[in-house]
Amino acid sequence: MITMEHVCKSYKVAKRKAGIGEVCKSFFRREHEVVHALQDVSFTIGEGEMVGYIGPNGAGKSSTIKILSGILTPDSGSCTVDGRIPWKNRTEHVKNIGVVFGQRSQLWWDIPVIDSFELLKEIYSVSKENYNRKLEELTELLQLSEILKTPTRQLSLGQRMRCEVAASLLHEPKILFLDEPTIGLDAVSKLAVRDFIKKMNREHNTTVILTTHDMQDIEAIAERVILIGKGQILLDGSLQELRTAAGGQDAQESLNLDHVMAALYKKLDIM
Amino acid sequence: MSLRKSISLYIRYAAICVRSIMEYKLSFVLMIFGRCMIAFTEFLAIRFLFDGLTEIKGYTYGDVLLCFSVIHMSFTLSELFGNGFKVFSGIVKSGEFDRMLLRPCSPILQVMGTRFEIGRTGPLITSTITLCLGISESQVSWNFLTAFTLLLMIIGGILLFIGLYMLGASFCFFTIEDTSILNALTYGAKEHGKYPIDVYGRGVLRFCTFVIPYTLVQYYPLQFLLGRSTNWVLGLYPVGVVVFLAICYGVWCAGVRNYKSCGS
């Protein structure tokens, strides 16, 4: 379903020290630093898998998601998703994927949620029957009926996130990318979103790739975990293997997952 | 995606923009009124100038008014449709462009659609009025060919300005620097385009022909329109803007391939 082979991506970042003098200096000569966001990243994900993609901030998670979803072009390496190269067959590719960015909204700010959905229906050329059926299903599962007529700007974060998830599934994508979908949500909303994702996977065999810092998300959703640090894949396996890698699993077993992760990050020196 | 589908999608995008703005009704009315007044003062400036003069380099009040109206109308319409390119750096910085690339339709359609500037209908009212005045007061002998030329000038002008906005927007892909330099060209053209370009002398005329082809939509067709030249081909010069637009589109496409995205 998804294969990434030897993908590299680097960015040029402008650098300067603090202070007005430095500002003036950088006006004439700007110093750049090349940041290697991804270095030789390879993995394959099969259809219907639920994969947690984790790593510390700046490890390259978002870059990977952006390459897989066709926003970015990698410097080198190959990547196919459902038989397509994301950045080359962009229009065809994006019809089959759904993307949720937890920190950004895809809904139109000033209009009722249902109007955003209607526009998405047009954008993705979803037929009327399919749209109605899917909308009914999503409304029921995510309990949207109360909030569909509210403008997005007046929704709480939890309500909005449920709408975001629904919006990314209206066109029934085969693959769902979730970039920190539970960030800032309360317990009830978190559970609702998690349960829903699991249900989608079970019923429609949707492939789910999830990046998060919330280890409970991983525990609840992901059957497989890919750990990335400093642009390289460091571990690929089950959550149990992750615990083992962190070392001393007897002692670790009693600790919560956040401690396991912190220990692992330190051990692998990727902070 | 078929053209019909694209157009219907564009209209939907634009309709949402209009509805979003209508959520804040008072600000909408004030915006229309304010912009209408700004455009009106520009007209007054010309009116008062011709109180003391009868003509500038052979151009009468009516001629200048016609020229002003054409450029003003093109500029306003280009802002109405192409404002998305003008605020494109904001679209990139907020990560909105990432989202646009995730939609199975043209990013150009989305950039133009999400920033449909209904507020520009204010100055549009003004320029429609001045255009009517210009049409009746200029020395043009109106027939099918001259009317067609006038239409071409306006459409060519819109495309020219949109091309410039697009060029400016494309720079966002290559540099995070401010690209106000292009505002000098667009606003400059709008300001100086009020008068036929040759009143500024040959140097400016050349610059506006070979660097940024303003003269294609203004000076040359105007010569034919006002009967200063009998060569009707001059009236078709605005079509040449298509070449300029194609170049801008090429730069844009290269830019999209070079897109770096931002943040997480």
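As a reminder, the structure under discussion sits directly above these lines.
Read on for a plain summary of the structure. Just so it is clear, the model here is predicted, and its values are computed rather than measured.

**Quick word on the packing of helix H8 (residues 144-174) of chain B against helix H12 (residues 241-257) of chain B**
All names here are of chain B.
At step 1: Where H8 meets H12, the closest approach of the two axes is 8 Å, and the angle between their N-to-C directions is 20°. Between H8 and H12, the angle falls in the class roughly parallel. In this structure, the crossing between H8 and H12 has a hand that is left-handed. Only Val241, Phe244, Leu245, Cys248, Tyr249, Val251, Trp252, Ala254, Gly255 and Val256 of H12 make contact with H8, whose side of the interface consists of Gly156, Leu159, Leu160, Gly163, Leu164, Met166, Leu167, Ala169, Ser170, Phe173 and Phe174.
At step 2: Looking at side-chain class alone, the contact of H8 with H12 contains 17 nonpolar, four polar and no charged residues.

**Details of the sheet that holds strand E1 (residues 2-15) of chain A**
Residue and element names in this part refer to chain A.
At step 1: Read across the open sheet, the three strands follow the order E2-E1-E4; overall the sheet is antiparallel. Where the open sheet ends on each side, the last strands, each with one partner, are strand E2 (31-45) and strand E4 (76-81). Mean inter-strand twist for the sheet, computed between neighbouring axes without regard to direction, equals 30°.
At step 2: Relative to E4, E1 runs antiparallel, the two sharing five bridges. In the sheet register, Thr3 faces E4, and the bridge partner there is Thr80.
At step 3: Strands E1, E2 and E4 of the sheet are contacted by helix H2 (residues 61-68), whose axis makes an angle of about 120° with E1.

**Overview of the pattern of salt bridges**
At step 1: In the structure shown here, the tally under the stated rule is 27 salt bridges over all chains.
At step 2: We note a salt bridge from Asp98(B) to Lys66(A), for which the minimum N-O separation is 3.6 Å. Residue Asp98(B) is found in helix H5 (residues 96-101), and its partner Lys66(A) is found in helix H2; the two belong to separate chains. Just as Asp98(B) is buried, Lys66(A) falls in that class too.
At step 3: We note a salt bridge from Lys134(A) to Glu137(A), for which the minimum N-O separation is 3.6 Å.

**A look at the interface of chain A and chain B**
At step 1: Contacts between chain A and chain B engage 32 residues on the former and 31 residues on the latter.
At step 2: Buried surface at the junction of chain A and chain B, both sides included, amounts to about 2,900 Å², of which 53% is carbon and sulfur.
At step 3: Our count for the chain A to chain B interface comes out at 14 residue pairs in polar contact (both at pLDDT 80 or more).
At step 4: Elements that contribute at least two residues to the side of chain A that touches chain B include exactly H2, helix H3 (90-95), strand E5 (97-101) and helix H4 (113-123) of chain A.
At step 5: Counted by class, the side of chain A that touches chain B contains 15 nonpolar, seven polar and 10 charged residues.

Criteria and thresholds
Residues numbered from 1 in each chain as written. Chains lettered and ligands numbered in written order. Predicted model: local features only at pLDDT ≥ 70, side-chain atom pairs only at ≥ 80, totals over all residues. Heavy atoms only, no water. Axes fitted to C-alpha atoms, helices over the stretch in contact; angles between N-to-C directions. Helix = DSSP H or I, 4+ residues; strand = E, 2+ residues; numbered from the N terminus. Parallel < 35°, antiparallel > 145°, perpendicular 65-115°, else oblique. Left-handed = near helix turned anticlockwise from the far one by under 90°. Contact = heavy atoms within 4.5 Å. Nonpolar A, V, L, I, M, F, W, Y, C, P; charged D, E, K, R; others polar. Pairing = 2+ DSSP bridges. Salt bridge = Lys/Arg side-chain N within 4 Å of Asp/Glu carboxyl O. Buried < 20%, exposed > 50% of the residue type's maximum accessible area, 1.4 Å probe, protein only. Buried area = accessible area lost by both parts, 1.4 Å probe. Polar contact = N/O pair within 3.5 Å; in protein donor to acceptor, adjacent residues only side chain to side chain.

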